Amino acid sequence: MQLGMIGLGRMGGNIVRRLMKRGHSAVVYDKDPKAVAALATEGAVAAATLEEFVAKLERPRTAWVMLPAGKITEATVETLAKLMQADDVVIDGGNSFWQDDVRRGKALRERGLYYVDVGTSGGIWGIERGYCMMIGGDKKVVDRLDPIFAALAPGIGDIPRTEGRDGRDPRIEQGYIHAGPTGAGHFVKMIHNGIEYGLMQAYAEGFALMQGHPDFDLDLEAIAGTWLQGSVVRSWLLELTRDFLGDAKSLSETAPVVADSGEGRWTAQEAIDRGIPAPVISAALMQRFASQGRDDFSARVLALMRNRFGGHAIPKEKP
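Residues numbered from 1 in each chain as written. Predicted model: local features only at pLDDT ≥ 70, side-chain atom pairs only at ≥ 80, totals over all residues. Heavy atoms only, no water.

> In this structure, what is going on with the pattern of salt bridges? I would like to understand it.
Side-chain pairing between opposite charges can occur once the charged atoms of the two side chains come close. In the structure shown here, the tally under the stated rule is 20 salt bridges. A salt bridge links R104 to D101; the shortest N-O distance between them is 3.9 Å. Here R104 and its partner D101 are both found in helix α5 (residues 98-109), 3 residues apart, which amounts to about one turn of the helix. Across the pair, D101 and R104 agree in class, each one buried. Across the pair R129 and E239 runs a salt bridge whose closest N-O atoms are separated by 3.3 Å. (Salt bridge = Lys/Arg side-chain N within 4 Å of Asp/Glu carboxyl O. Helix = DSSP H or I, 4+ residues; strand = E, 2+ residues; numbered from the N terminus. Buried < 20%, exposed > 50% of the residue type's maximum accessible area, 1.4 Å probe, protein only.)

> What am I meant to see in the sheet that holds strand β4 (residues 62-65) here?
By way of backbone hydrogen bonds, the strands of a sheet pair with one another, either parallel or antiparallel. Within the open sheet, the 8 strands sit side by side as β3-β2-β1-β4-β5-β6-β7-β8. Their pairing is mixed. Either end of the sheet is taken by a strand with one partner, and the two such strands are β3 (45-46) and β8 (176-180). Inspection of the sheet shows strand β1 (residues 2-6) paired to β4 by 3 bridges, in the parallel sense. Opposite I6, over in β4, you have V65 as the bridge partner. Sitting on the sheet, helix α4 (residues 71-83) is in contact with β1, β4, β5 (89-92) and β6 (114-121), with an inclination near 170 degrees to β4. (Pairing = 2+ DSSP bridges. Contact = heavy atoms within 4.5 Å. Axes fitted to C-alpha atoms, helices over the stretch in contact; angles between N-to-C directions.)

> What exactly am I supposed to notice about the nonpolar core here?
The nonpolar side chains of soluble globular proteins are, as a tendency, buried together. Of all hydrophobic cores here, the largest spans 34 residues; its most connected members are M5, V28, W64, I91, M133 and F149. Examining the composition of this core, we find that 5 residues originate from one element, helix α1 (residues 10-21), more than from any other. Not counting residues up to four positions away in its chain, the partners in contact with M5 are G12, I15, V16, V27, V28, Y29, F53, W64 and M66. By size, the runner-up hydrophobic cluster in this structure holds 19 residues, among which are V54, M84, V90 and L113. (Core = buried A, V, L, I, M, F, W, Y, C linked by side-chain atoms within 4.5 Å.)

> Would you explain helix α13 (residues 262-274) in this entry?
Compared with an ideal rise of 1.5 Å per residue, which puts 13 residues at 18 Å, α13 spans 18 Å between its outermost C-alpha atoms and is within 8% of the ideal. Every buried residue belonging to α13 is among E263, G264, T267, A268, E270 and A271, and all of these are buried. Angular distribution of buried residues about the axis of α13 spans 150 degrees; they occupy a single face of the element. Turned more than 90 degrees away from the buried face of α13 sit I272 and D273, all of them exposed. (Expected span 1.5 Å × (residues − 1). Arc of directions from axis to C-beta.)

Structural data, given as structure tokens:
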């Protein structure tokens, strides 16, 4: 099949490469001509403008937008809606807010177009390992695009089959799912990333407790490696953590600042809106805020309180 890709960053570019390796063709566009030229040398069809991009796609067209959530994605989808024709498909594979998907999907249907939201997990490793995808949209369109999703998915690999699940959608064990109507894909990906916040925070806190222990000289890299062999806390995330725990230089040179993306905030807000307790995810989000210096004022207030009532010394900022 042919796919058009808009946005050739770490994810978009590698999605195109994985597809082409599996026999599919691609038309590519990015605001950076160098990114377009690089993929053109690998077999993709280059486009210099969105108009040219749409013109080079075969009908019914499929355009995958892989851009940061927000204004740039909104503007790109709006432009595509004006350039494309009935039965064409716009895919948003970024991390858009699911309610934006519902709104966009409705607007595109009024023009005779289809909108598919694909929550995509795999990061920089996806080109080799494949991408876990959570897909929202009209069933007949998702089924029509299945060869694309199947090529991108990780596949079953050596994971043991789930017993007693005969008759279930075989895509599930391949690492992708049609989660539901428009918006469902990004909603599930939002929760996925909220869980990711909690997992990462738990691992970080656990290793911090072991690092520099006064009674034990613990090898954190070896401990992580041991946990990867049969422990209930084993995971790919732990595998990645193991790989840098033995690199003291990288750890010492890394600033203790952790950015937060929209999905963590949206997940916490979903919990608030629906009255569903999510203390681990919410606390992990707050910890990221703290790492960005957003608790500096409150920390200063606390230090001064302790000084006023107990005479405790006030630590001073280094010049």
